[in-house]
Amino acid sequence: AYLCTIDCELQLILLSETLWFLSLVSALPQSSFSSSSELSSSHSPGFARLNRRDGEYCYFPYFSLDFPSGHGVLKWLLLPFLMVVDTNWNKAFSGNTNADSVVHNKLQHSIKARFLRFVPLDWNPNGRIGMRIEVYGCTYRSEVADFDGKSCLLYRFNQKSMSAPKDVISLKFKTMQSDGILLHREGRNGDHITLQLVKGKLSLFINLGDAKIHSANGQINITLGSLLDDQHWHSVLIEHFNNQVNFTVDKHSHHFHAKGEFNYLDLDYEISFGGIPVPGKSGTLPHKNFHGCFENLYYNGINIIDLAKRHKPQIYIVGNMSFSCSELQMVPVTFLSSNSYLALPGTSGQDEVSISFQFRTWNKEGLLLSSKLHQTSGGFLLYLSDGKVKMSIYKPGKAQSDITAGVGLNNGQWHSVSLSAKRSRMSLMVDNDVTSSAHAAVPTHTYSGDSYYFGGCPINGNGSECKSPFAGFQGCMRLITIGSKAADLISVQQNSLGNFSNLQIDLCGIIDRCLPNYCEHGGECTQAWNSFYCNCTNTGYMGATCHYSIYEQSCEAYMHRGNTSGFYYIDSDGSGPLGPFLVYCSMTDTTWTIIQHNNTDLTRVKNANRENPHTVFFKYTATLEQLQATINYAEHCEQELAYHCKKSRLLNKRDGIPLSWWVGRTNETQTYWGGSLPDVQKCACGLEGSCIDSQHYCNCDADRNEWANDTGFLSYKEHLPVTEIVITDTDRLNSEAAYKLGPLLCRGDRTFWNSASFNTEASYLHFPTFHGELSADVSFFFKTTASSGMFLENLGIKDFIRIELHSPSEVTFSFDVGNGPFEVTVQSPTPLNDNQWHYVKAERNIKEALLQVDQLPQRTLIAPSDGHIRLQLNSQLFVGGTASRQKGFLGCIRSLKLNGIALDLEERAKITPGVEPGCPGHCSSYGNLCHNGGKCREKYNGFSCDCTFSAYTGPFCKKEISAYFGAGTSVVYNFQEYYTIAKNSSSHASSFYADMTLIREVITFTFRTTRTPSLLLYVSSFYNEYLSVILAKNGSLQIRYKLDSHQDPDVFSINFKSMADGLLHHVKINREEEMLFVEINRNERMHFVLSSGTEFNAIKSLVLGKILESNDVDQDTMKANSQGFIGCLSSVQFNHFAPLKAALHHTSSAPVSVKGRFTESNCGTSTGADSTSSETTHSFSDHSGPIDEGEPLANAIRSDSAIIGGVIAVVIFILLCITAIAIRIYKKKSVYKKNEAKGSENEDSAETALKCELSMQNTVNENQKEYFF
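Per chain, residue numbering runs from 1 following the sequence as it is written. Confidence filtering applies because this is a predicted model: local features only for residues at pLDDT of at least 70, side-chain atom pairs given and counted only at 80 or more, and all residues used for totals across whole chains, interfaces and linings. With hydrogens and water excluded, all non-hydrogen atoms of the structure serve as input to the side-chain values.

If you had to explain the overall build of the chain to someone new, which residues and values would you point to?
A tally of regular secondary structure across the chain gives 16 helices and 91 strands. When burial is assessed residue by residue, the chain has 52% of its 1269 residues classed as buried. Whether two residues touch is decided by their heavy atoms; if any such pair falls within 4.5 Å, the residues are in contact. A fraction of 69% describes how many contacts in the chain between residues 6 or more apart in sequence connect residues 24 or more apart. Only the protein chains shown count as cover for residues, and all accessible areas are computed by the Shrake-Rupley method using a 1.4 Å probe. A total of about 58400 Å² of accessible surface is found on the chain, and carbon and sulfur atoms cover 50% of it. Secondary structure elements are defined from DSSP: runs of H or I of at least 4 residues count as helices, runs of E of at least 2 residues count as strands, and each element is numbered from the N terminus. Burial status follows relative accessibility: with a 1.4 Å probe on protein chains alone, a residue under 20% of its type maximum counts as buried, one over 50% as exposed, and anything between as partly exposed.

Now, about the pairing of strand E83 (residues 1065-1072): what can you tell me, with residues and values included?
Relative to E83, strand E78 (residues 1000-1008) is paired through eight bridges, and the arrangement is antiparallel. Bridge pairing in E83 places Arg 1000 opposite Glu 1072. The pairing of E83 with strand E84 (residues 1075-1080) spans six bridges and is antiparallel. By the bridge assignment, Lys 1068 is partnered in E84 with Glu 1079. At least two DSSP bridges between two strands are required for those strands to pair. As consecutive antiparallel partners, E83 and E84 are separated by two residues, and within that stretch Glu 1073 has a phi angle of approximately 55°, a positive value.

If you had to explain the nonpolar core to someone new, which residues and values would you point to?
Judged by nonpolar contacts, the single largest core of 66 residues is most densely connected at Ile 725 and Phe 943. Not counting the four nearest positions on each side in its chain, Phe 943 is found in contact with His 560, Trp 753, His 922, Cys 923, Tyr 926, Leu 929, Cys 930, Cys 936, Arg 937 and Phe 956. Listed in part, the 48 residues of the second largest apolar core include Phe 1007, Leu 1037, Phe 1096 and Ile 1099. Residue types Ala, Val, Leu, Ile, Met, Phe, Trp, Tyr and Cys, when buried and joined through side-chain atoms within 4.5 Å, form a set referred to as a nonpolar core.

Explain the state of the cysteines to me, and be specific about the residues and the numbers.
Cysteine sulfur atoms that come within 2.5 Å of each other are treated as a disulfide pair. One pass over the full model with this rule turns up 15 disulfides. Here Cys 923 connects covalently by a disulfide to Cys 936, the sulfurs 1.9 Å from one another. Its S-S torsion of approximately -90° makes the covalent link between Cys 923 and Cys 936 left-handed. Taken together, the residues span a long stretch of sequence, with Cys 923 in helix H8 (residues 923-926) and Cys 936 in strand E72 (residues 935-939) at a distance of 13 residues.

Account for the packing of aromatic side chains, with residues named and values stated.
Pairing of aromatic rings covers Phe, Tyr and the six-membered ring of Trp, with a centre-to-centre limit of 6.5 Å; geometry is then stacked below 30 degrees between planes, edge-to-face above 60, and tilted otherwise. For the structure shown, the criterion picks out 41 aromatic pairs. Plain terms: the ring middles of Phe 758 and Phe 889 are 6.2 Å apart, the flat faces sit at 70° to each other, and that makes the pair edge-to-face. Of the two residues, Phe 758 sits in strand E58 (residues 755-758) while Phe 889 sits in the loop between strand E68 (877-879) and strand E69 (891-898), which places them 131 residues apart along the sequence. An aromatic cluster is defined as three or more aromatic residues linked by ring pairs; in this entry it consists of Phe 752, Trp 753, Phe 781, Tyr 839, Tyr 926 and Phe 943. A cation sits over an aromatic face here: Lys 682 above Tyr 697, 4.5 Å from the ring centre. The lysine or arginine in question, Arg 894, covers the ring of Phe 752, its NZ or CZ lying 5.1 Å from the ring centre. Think of it as a cone above the ring: NZ of Lys or CZ of Arg counts as a charge over the ring if it is within 6 Å of the ring centre and within 35 degrees of the ring normal.

Give me the lowdown on unusual backbone geometry, citing residues and values where you can.
With an omega of -5°, the peptide bond running from Leu 515 to Pro 516 counts as cis. Mapped onto the secondary structure, Pro 516 falls in the loop between strand E41 (503-505) and strand E42 (524-527). Note that the residue after Thr 1012, namely Pro 1013, is joined by a cis bond; omega there is -15°. Non-glycine residue Leu 227 carries a positive phi angle of around 55°.

How would you sum up the sheet that holds strand E80 (residues 1026-1031)? Please name residues and give values.
Ordered by their spatial adjacency, seven strands build an open sheet running E82-E81-E80-E79-E86-E77-E88, and the pairing between neighbours is antiparallel. Sheet topology places strand E82 (1050-1054) and strand E88 (1152-1155) at the edges, where each strand pairs with a single neighbour. If you compare each strand with its neighbour and ignore which way they point, the axes differ by 10° on average. Pairing analysis gives five bridges linking strand E77 (residues 970-974) to strand E86 (residues 1099-1105), with the strands arranged antiparallel. To define axes, lines are fitted to C-alpha atoms, for helices over the stretch in contact only, and angles between the resulting N-to-C directions are given on a 0 to 180 degree scale.

Go over the UniProt feature "domain: EGF-like" (unreviewed entry) in the chain with me, naming the residues and quoting the values.
UniProt positions are given in the numbering used here, feature names are shortened, and annotations may be inferred rather than shown by experiment. Residues annotated by UniProt as "domain: EGF-like" (unreviewed entry) correspond here to residues 510-547 and 920-958. Across residues 510-547 one finds 0% helix and 26% strand; the C-alpha atoms that close the span lie 27 Å apart. Secondary structure content for residues 920-958 is 10% helix and 31% strand, while the C-alpha to C-alpha distance between its ends is 25 Å.

I'd like to hear about empty space enclosed by the protein, residue by residue, with values.
Cavities and pockets are found on a 1 Å grid laid over the protein atoms alone: a cavity is a set of points where a 1.4 Å probe fits but cannot escape, a pocket is an open set with protein on both sides within 12 Å along at least five of seven lines, and a lining residue has an atom within 4 Å of such a point. Grid points are joined across faces, edges and corners, and a volume is the space filled by probe spheres set on the points. Considering all chains together, one arrives at five cavities of 30 Å³ or more under this definition. The computed volume of the largest cavity comes to approximately 130 Å³. Every residue lining the largest cavity is counted, 18 residues in all, and those nearest its centre are Gln 553, Ser 554, Thr 630, Gly 748 and Asp 749. Of all the secondary-structure elements, those providing two or more residues to the lining of the largest cavity are helix H4 (555-559), strand E48 (591-595), helix H5 (624-633) and strand E57 (744-747). Per-element accounting of the lining of the largest cavity gives the leading share, three residues, to H5. Along the lines of polarity and charge, the residues of the lining of the largest cavity split into six nonpolar, eight polar and four charged. Approximately 110 Å³ is the volume found for the second largest cavity. Along the wall of the second largest cavity there are 16 residues; nearest its centre are Phe 815, Val 817, Asn 819, Ala 863 and Pro 864. Elements represented by at least two residues in the lining of the second largest cavity include exactly strand E66 (848-853) and strand E67 (859-862). Amino acid classes used here: Ala, Val, Leu, Ile, Met, Phe, Trp, Tyr, Cys and Pro are nonpolar; Asp, Glu, Lys and Arg are charged; the rest, including Gly, are polar.

Explain the pairing of E48 residue by residue, including any values.
The buried count for E48 comes to five of five residues, which makes it a mostly enclosed element. Looking at chain direction, strand E47 (residues 581-587) and E48 are connected through four bridges and run antiparallel. In the strand pairing of E48, Tyr 584 is matched with Ile 594. Counted between consecutive antiparallel strands, the loop separating E47 from E48 contains three residues. Note that E48 and E57 share four bridges and pair antiparallel. Among the inter-strand pairings, Ile 594 is bridged to a residue of E57, identified as Leu 745.

Summarise the environment of Gln 836; cite the residues concerned and give the values.
Note on placement: Gln 836 falls in the loop between strand E64 (822-827) and strand E65 (838-844). Sequence spacing of Gln 836 and Gly 921 is 85 residues, and the spatial spacing of their C-alpha atoms is 8.5 Å. Excluding residues within four positions of it along the chain, Gln 836 makes contact with Phe 782, Lys 783, Ser 924 and Ser 925.

Please provide a residue-by-residue account of the sheet that holds E78, values included.
As a general point, the strands of a sheet are linked pairwise by backbone hydrogen bonds and lie either parallel or antiparallel. Spatially, seven strands are ordered E85-E84-E83-E78-E87-E76-E89 in an open sheet, and the strand pairing comes out antiparallel. The open sheet has two free edges, formed respectively by strand E85 (1084-1089) and strand E89 (1158-1161), since each of these has just one partner strand. Across this sheet, the average inter-strand angle for adjacent strands is 25°, counted without regard to direction. The sheet contact formed by strand E76 (residues 962-965) and E89 spans four bridges and is antiparallel. Across the sheet, Tyr 964 pairs through a bridge with Thr 1159, a residue of E89.

Account for the side chain of Asp 1114, with residues named and values stated.
Counting through the fold element by element, Asp 1114 comes out in the loop between E86 and helix H11 (1115-1121). In the analysis that follows, any N or O atom pair within 3.5 Å is treated as a polar contact, provided that within protein one partner can donate a hydrogen and the other can accept it, and provided that, for residues neighboring in sequence, both atoms belong to side chains. Engagement of the side chain of Asp 1114 in a polar contact is seen with the side chain of Thr 1117, the distance being 2.8 Å.

Could you give an account of the side chain of Asn 1135, naming the residues involved and the relevant values?
When you line up the elements, Asn 1135 lands in the loop between strand E87 (1127-1134) and helix H12 (1139-1145). There is a polar contact of 2.8 Å between the side chain of Asn 1135 and the backbone nitrogen of Val 1002.

Residues and numbers for H5, please.
Along H5, the residues that are buried comprise Gln 626, Leu 627, Ala 629, Thr 630, Ile 631 and Tyr 633. The elements touched by buried residues of H5 are strand E46 (566-570), E47, E48, strand E51 (636-646), E57 and strand E70 (901-902).

Talk me through the environment of Phe 782; I want residue IDs and the actual numbers.
Here Phe 782 lies in strand E60 (residues 776-783). Along the backbone, Phe 782 and Tyr 839 are 57 residues apart, and their C-alpha atoms lie at a distance of 6.6 Å. Leave out the neighbours within four places in its chain, and Phe 782 touches Phe 791, Leu 832, Gln 836, Trp 837, His 838, Val 840, Phe 889, Cys 892 and Ile 893.

Residue-level account of the pattern of salt bridges, with values.
When a carboxyl oxygen of Asp or Glu is within 4 Å of a side-chain nitrogen of Lys or Arg, the pair counts as a salt bridge. Applying the stated criterion across every chain, the model contains 20 salt bridges. Between Glu 1079 and Arg 1085 there is a salt bridge, and its shortest N-O distance comes to 3.1 Å. Connected through shared salt-bridge partners, Arg 649, Asp 703, Asp 729 and Arg 732 make up one network.

Could you give an account of the confidence of the model for the chain, with specific residues and numbers?
Residue-level confidence of the predictor, termed pLDDT, takes values from 0 up to 100. Residues at a pLDDT of 70 or more form 79% of the chain, whose mean pLDDT is 80. For the stretch residues 66-81, pLDDT sits under 50, and the model shows 107 contacts to residues farther than four places along the chain or on other chains. Across residues 211-216 the pLDDT falls below 50, and counting only partners more than four positions away or on other chains, this stretch makes five contacts in the model.

Below you can see the structure in the form of structure tokens.
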């Protein structure tokens, strides 16, 4: 490349105000201009000044300027080239298209540099490369100090100067060393503040000393910046005002509140810069002095370097420090790609190979050096492998010799490498550390070759000259030494030494792509030379930048993916800043989100008054921000607050202040109680007019010497959840109270069904501009019959984002962030305009763009590694149409979310012509979620499953209904009574059974037993016809049909194994006239042919368990009926009848009778045999299936033992209550008195008695709603 350089001791700073700027270039001496060559003496670099009348243009391959007289502020440039400054910043500017016109270019960003370099990008091929330039700026004062790594500067100030409430330290520094102390201040007890370079990063460390080290706030360590050892100027600003600290390095800032640390710091009245002058009072503080330059060092407005230059008494200098910044002559080289290489000559035939250099990179792999040995086809390789340096010497017919040194060398830091091979021995050392060295014997003598290839090999070179099985090195090298001679890289740049390709010489172009860290939600950033990567493990998010949540935003969303009740993580704001948290989703007919807190027990309160109140704080399993998001999205939230009282008042006021109150998330005091409304200061009984004393608005305010309660649900969402309760009226004689706060309960999701219908192609909704500069995700559901249409669009000046239905089977996501338009398309194998709901998710971040439609494979487009990254939009967001008047969308859009924030389509649709709120027809898409004969029913917001004609229950008719049958239990379902009732109705069932004669039936049930013989099911008729299903003595299943009263029954045995094994068995019987099909356990299928008839006439009843009436049945059925059925029956279905469900849930309305021991249970589930219920929690990292399955983290598995255990618990509880009360009565009537010390021994008994009293008094209320965790 052709280059032009200006050495200008110049500050290039963008100023927004209009100032008077000076011409900087015209005043430069001739020596400040240089170029790589010149056409003639009349075309020398000095003639490059704009508007100069003598001489001609400067014609050059590269061109340099130097401003040695001082610094300046640059505002305008007149140039047609790429400008590169010494801060590793470059920008292309347009130039003139003829010989004489002047083009003005204004800088857009602040740049600070001494050297300017101009690289011509294009020129007239019929002419020569030439230019004239002017740079405009203003004067700039600079005070510099040079520290040699052994020196430091100590500033002492008086105590009066410390009275200022604000401390400000500002400075600029540049160095080539990765470690060193910039400033340090300490006190007598080990307290200190240190600003220190550590591995090229700047750390602000605050320590409170050894005595306070145990405190969680005892240490602060903030790290900013990266690669600060690049010999470029970097600015630092530390501001401390009260306890607020602002720490800024270059453009990166960190603001934090010190939480009182500075109030405890005991510091001396002196501060050192560049190092620590003497061993610290804090003991063995490891440190290394700073080696480099400071510029404009100010402490509270005092110019410290100026004081040092004037030898002021406040300044003490340790070691040698100068006031000019020395420039180290160290030339780095950058290997830009895997095809880069640097070839340097060597001395052939020497018996020793000795090479050293320094390198820095992010890549784990890459070739560092290769060379062919003298007079042999062998050679040696030096390469990076997994962050370690390896050296290999190979010769034909000889075993390869390998040694390895170092570890983690791809950390972006400078590392030195020294290798030598002499005679039959080779050695390798990394970072001059003998512990990181390796040695090995070589089979034969080695002699040096005549060429060394650094970083890679020529693509079209001689294969025998440079051989490498490894990819090329990408990174920087410097201080290359071959033998004892340093390589002159400037001569290489001028093509007078060696050879190279695709290098940057005299510049290390390494970039820290993890600064700033674009990995969201705590993702860990790692990087290679060209890109960075985010490790999203254990964050709860996925994607290239850990942007998109792997969890649903609500329990409602989980339920409509077919999930059942259980513990789930939800992410209330999706890809927003709030993290996921664990809740329990109770998925019944209504989906409840249950969020627990740390104190759900009934808590007793005594001896509380105004001066010594009883205050309790509640901590939830989510933060208040997470709770607020969940509550805002919910349709309804409530929380039960029970207050039991005996001579303990709530609202009776003294001096206008209530006696007890609670606080919600808004941190406001609330004086209304459960079941009441805000601002009325009443309890539920006060609203209903049912308080025990009509003169008061709460039962407790009656102030009676007996237990009363004010219990109810708080349901005003703005005040939930309860975070604090304060009680002050339990310090009188016989005064006490007890309270219990239930979990936060929320139902529904307002955003999940929020939708709008677009009725014309010209209609659309508009919303404020979408702000997703670095990461943007959009998700929604749509359904349509149109072939194409625009879902949404948002425009900027040039940038845009757009999602559209491009064709009936194609969705397109297109955008432009300044790199030109990009497009991602998903092609569906089936049409998407089928009037079914389809899901679309699009995401764009700085690494990639992706699009997913339904469960189709996700399409991904990789972003350019060094392109524009910010999406800058300024127009309104259009939904369902577009401002550019393209074809709008016809159909419905639902649950539209941008970066996790839902847009309220319905509210905007209410005021927009051509758009209607809501969208009917959910069953067409979600009807398949209704299982086991359940029917989908439309609702305005969603749908529901009608399980009337299903043997199952639950939101999707998937919950099995099971019962345990004891000996002699009989459940009889009478069809004739049903027929009589339903005969005059128009229901499907009544018309189906109008003549009570069946030619087909479908029977399904599940059973579990160990008893044989057993009667599982019996269907009778008025004509002595019947069907019986039994387990024979040997455990085989028998189906007996008698459809002709004059013939013996047809008997069909399934005896492949004993089914009385205590395991669950699923049976399905399907008869079509004389054809009988039987399915066992959903996989064993067989069919039979009936001979006794095809019509089942005048069916009468269905019996489960024991037949109690006398019936004319065969002998084997009688034997099976002798003990009936003992065990578990589940999900019994006979055509459209569910007799077991009717017996358990509809005993008052269904024609069913039950006799004997009959208990509802979950014994029909696969784990129902266990005597205890269990819950298992699974992490998503252990989940091997796809994320889209949405399985709960823990599914609640309930068994019949829960009911039995509950009954036992109630009995025990009542006995304990009676015992405790008896103890209290006995103790009250005792002839002797207990003293205070012994009274506490009976506290537990008294507590139990209190709970018993409350339980007996409020049994009905307490059992209305119970939640188990």
